[in-house]
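Residue-level listing of the chains:
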Amino acid sequence: MTTNPTPYPTLVGGPGLAQERRLVTEIPGPASRALHERKAAAVARGIGTTLPVYVAAAGGGVIVDVDGNSLIDLGSGIAVTTVGNSAPRVAEAVAQQVGAFTHTCFMVTPYEGYVRVAEELNRLTPGTHEKRTVLFNSGAEAVENAVKIARSHTKRQAVVVFDHAYHGRTNLTMAMTAKNLPYKHGFGPFASEVYRAPLSYPFRDGGVDGGVDGRAAAARAIDVIEKQVGADNLAAIVIEPIQGEGGFIVPAPGFLAGLADWCAATGVVFVADEVQTGFARTGAMFAVDHEGVVPDLIVTAKGIAGGLPLSAVTGRAEIMGAAHVGGLGGTYGGNPLACAAALAVIETIEQDGLVDRALEIGKTMTERLTALQQRDPRVGDVRGRGAMLAVELVRPGTHEPDATLAGRVAAAAHAQGVVVLTCGTYGNVLRFLPPLSITDELLADACDVLDAAFEAVR
Ligand SMILES: Cc1ncc(COP(=O)(O)O)c(C=O)c1O
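Right, let's walk through the structure included here. If you're wondering where the values come from, they're calculated on a predicted model, not measured in any experiment.

**Looking at the sheet that holds strand β6 (residues 194-197)**
Part 1: The sheet built from seven strands is open, its strands ordered β4-β10-β9-β8-β7-β5-β6 with mixed pairing. Bordering the open sheet on either side are β4 (131-136) and β6, each of which pairs with just one other strand. Adjacent strand axes in the sheet meet at a mean angle of 20°, parallel and antiparallel pairs treated alike.
Part 2: Contacts between helix α9 (residues 255-266) and the sheet are confined to β5 (158-162), β7 (234-239) and β8 (269-273), with β7 contributing the most and set at about 165° to the helix.

**Quick look at the site of the ligand**
Part 1: Looking at the ligand, the residues that line it are S138, G139, A140, Y166, H167, G168, E240, E245, D273, V275, Q276 and K302.
Part 2: At 2.8 Å from an oxygen atom of the ligand is found a main-chain nitrogen or oxygen belonging to G139.
Part 3: A distance of 2.7 Å separates a nitrogen atom of the ligand from a polar atom in the side chain of D273.
Part 4: Taken by itself the ligand offers 390 Å² of open surface, and the protein chains cover 82% of this.
Part 5: Looking at the shell around the ligand residue by residue, the class counts come to three nonpolar, five polar and four charged.

**Quick look at the packing of helix α8 (residues 214-228) against α9**
When two helices pack together, their arrangement is given by the angle between the helix axes and the distance between those axes.
Part 1: Contact geometry for α8 and α9: axes closest at 7 Å, N-to-C directions at 40°. One way to sum up the angle between α8 and α9 is to call them oblique. Crossing hand, α8 versus α9: right-handed. Along the contact surface, α8 presents G214, R215, A217, A218, A221, I222, I225 and E226, while α9 presents F255, A257, G258, L259, D261 and W262.
Part 2: Residues that form the contact of α8 with α9 fall into these classes: nine nonpolar, two polar and three charged.

What counts as what
Residues numbered from 1 in each chain as written. Predicted model: local features only at pLDDT ≥ 70, side-chain atom pairs only at ≥ 80, totals over all residues. Heavy atoms only, no water. Pairing = 2+ DSSP bridges. Helix = DSSP H or I, 4+ residues; strand = E, 2+ residues; numbered from the N terminus. Axes fitted to C-alpha atoms, helices over the stretch in contact; angles between N-to-C directions. Contact = heavy atoms within 4.5 Å. Near = heavy atom within 4 Å. Polar contact = N/O pair within 3.5 Å; in protein donor to acceptor, adjacent residues only side chain to side chain. Areas by Shrake-Rupley, 256 points an atom, 1.4 Å probe, with all protein chains shown as cover. Nonpolar A, V, L, I, M, F, W, Y, C, P; charged D, E, K, R; others polar. Parallel < 35°, antiparallel > 145°, perpendicular 65-115°, else oblique. Left-handed = near helix turned anticlockwise from the far one by under 90°.

Have a look at this one:
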């Protein structure tokens, strides 16, 4: 057995940590590098690492590493710690639940926490119709179950997804995900009856004003679906209202509504994958709220439980009821600790006004990123909503993607203690997902670091 040789003290995370960017070693420092060597010797190499600083504590807007560096977090563990790491209500609720019971399996001897989370999701998700909810562990698992439910309800098999989509890494969700490397390469054969339609991508469709408007883009997609699949064969359309891994692509207004209207007219189940966009992230409780679209089923995960593994499918009672008794479930789905965390997350979002906080963060960052775009022609597009923002990097004067630049700017920001992520089919998008618990001062400092990173990388 390997004992832990790293000398760092155990820190208490949460917002009580000093909210500052503080570098005391190079990034990554020696303790992180030592751990990274152990990782290489112990962990399968298929698990990549964005930034090999090993975490000792996190909270508010910072991550403190094992060398004592304090980094600004603009990633939230990929849109998970929306309420902040070790957020006080979450930490307390989980600690209480650990002391009561950790697991019984909801399918064996149920408990109230699961029922309360279902009630809350039925209340919070768009639409006033009667709803039901079922809980799982991961986003991919919930997406798979949304497809099972839609197939069971419609007695049809086909599923339509979109260009640039990301829905997960299980077999069905790999088929639904668009990008080959790193998600799918060598892992086939993939599930059948999955079809891909064109997305509305304003930057690459020629611009919101000059290009394909949302309704026209929906008509283009529907034409492909009708010709290549046929509504009578189609169980569900599954779409991210703002694409996440695909590049934070916000479809032109009217695109989602056009698809939803067509689904309503043809009996196809309209599924919104809000795994990345849900729970206040975009400055609304759910991203479809910005467009006034009411999905038949909505899939949630990530930000729902402040870092504990939980996901859900919520939707129209008559659709959710199609699967037979015993047809849905799993050992850990709706684990009591994750449910306690989710209830605390929802309370935190509502009591602390985090939907408005996401809008504020969005306004501040958009101003900074737009100013950057005005002086740097390599920034082709600034987009996103609320605290889900991105810049798409191109060769000046063209739409040609510049993935190398995105990687170099991210590396320069990392070296100065700001955690940023890249994404996009072309790998040329820098994305920003700060926890909503970040302070204005940290946000401004992170924007300064980004500006300097663009200056430094020529
Ligand atoms: C939109 C979307 N759907 C599904 C998933 C898969 O979620 P998980 O990684 O929890 O399986 C993700 C994860 O990034 C996502 O962004």
